[in-house]
Every structure is written in structure tokens, then in C-alpha cells.
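Here is what each chain is made of, one letter per residue.
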Amino acid sequence: MEKINLRDEEGNDIELFVLEETNIAGKHYLLLAEDAEGDSDAYIFREEASDEEDDEATYVPVEDDTEFDAVLKIFEELMDDTDFD
């Protein structure tokens, strides 16, 4: 399973597993989790255009409730065997 490294608000590096990804209305979204299997918190991130020359992607958490709910619904359909409670 693919992993990505992100930096949290305190500047700590964290490693998250990519559970699923999708494109909606020209935007790329990732469903990320702390654990590849089992019960762990999951997060939805959106890829943002990078201003850097190294072409490294920048990911931001989806905080808008309407956008979050719409993307979550798509991920639930893509992963119909997973319970998102």
C-alpha cells in the first residue's frame, strides 16, 4: 500500500497510508489513514498546485463541510466494504 509523508501543524513528519484516491471536478483527493488495516482515523486531503519547481505535490485537509461530505460519499461508494463511522 502506498504511503505518503506529510508535516503536521507542529512541524512533525507523519506517515499516512493511501487507502483510496479519486478525481472530482478536476480536483484530486486522497483518503489517508494512520494504519493500513484496522481501526484508525481516516482523513481526506485535496491536492493543491505546487508553486515549487520540484513538482512535489502539496496536500491540504478538506475542511469545508459540504466538500468533505461530498468527497466522503464518493469514497464510501469506492470502498463499499469499509465502514466510515
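Residues numbered from 1 in each chain as written. Predicted model: local features only at pLDDT ≥ 70, side-chain atom pairs only at ≥ 80, totals over all residues. Heavy atoms only, no water.

Turning to the sheet that holds strand β4 (residues 42-48), a few remarks are in order. Read across the open sheet, the 5 strands follow the order β1-β2-β3-β4-β5; overall the sheet is antiparallel. Edge positions in the sheet fall to β1 (3-7) and β5 (58-61), since each of these pairs with one other strand and no more. Averaged over all adjacent pairs, the angle separating strand axes in this sheet is 45°, with direction ignored. Sheet topology note: the strand β2 (residues 13-24)/strand β3 (residues 27-33) ladder contains 7 bridges and is antiparallel. Across the sheet, N23 pairs through a bridge with H28, a residue of β3. The strands touched by helix α1 (residues 65-78) are β2, β3 and β4; relative to β2, the strand with the most contacts, the crossing angle is about 85°. (Pairing = 2+ DSSP bridges. Helix = DSSP H or I, 4+ residues; strand = E, 2+ residues; numbered from the N terminus. Axes fitted to C-alpha atoms, helices over the stretch in contact; angles between N-to-C directions. Contact = heavy atoms within 4.5 Å.)

What follows covers unusual backbone geometry. Among all residues except glycine, the phi angle is most often negative; among peptide bonds, the trans geometry is most common. Its identity as a non-glycine residue notwithstanding, A25 has a phi of 50°, on the positive side. Relative to the assigned elements, A25 resides in the loop between β2 and β3. Look at A25 and you get exposed, because its relative accessible area is 78%. (Buried < 20%, exposed > 50% of the residue type's maximum accessible area, 1.4 Å probe, protein only.)

Once that is clear, we can look at the pattern of salt bridges. On inspection of all chains with the given rule, the structure shows 4 salt bridges. Notably, a salt bridge pairs E67 with R46, separated by 2.8 Å at the nearest N-O pair. Of this pair, E67 sits in helix α1 while R46 sits in strand β4, placing them 21 residues apart in sequence. For the pair E67 and R46, one class covers both residues: buried. (Salt bridge = Lys/Arg side-chain N within 4 Å of Asp/Glu carboxyl O.)

Turning next to the confidence of the model for the chain. Counting all residues, the mean pLDDT for the chain is 87, and 86% of those residues have values of 70 or more. Mean pLDDT values for the elements of the chain range from 89 in β1 up to 95 in β3. (pLDDT = per-residue confidence, 0-100.)

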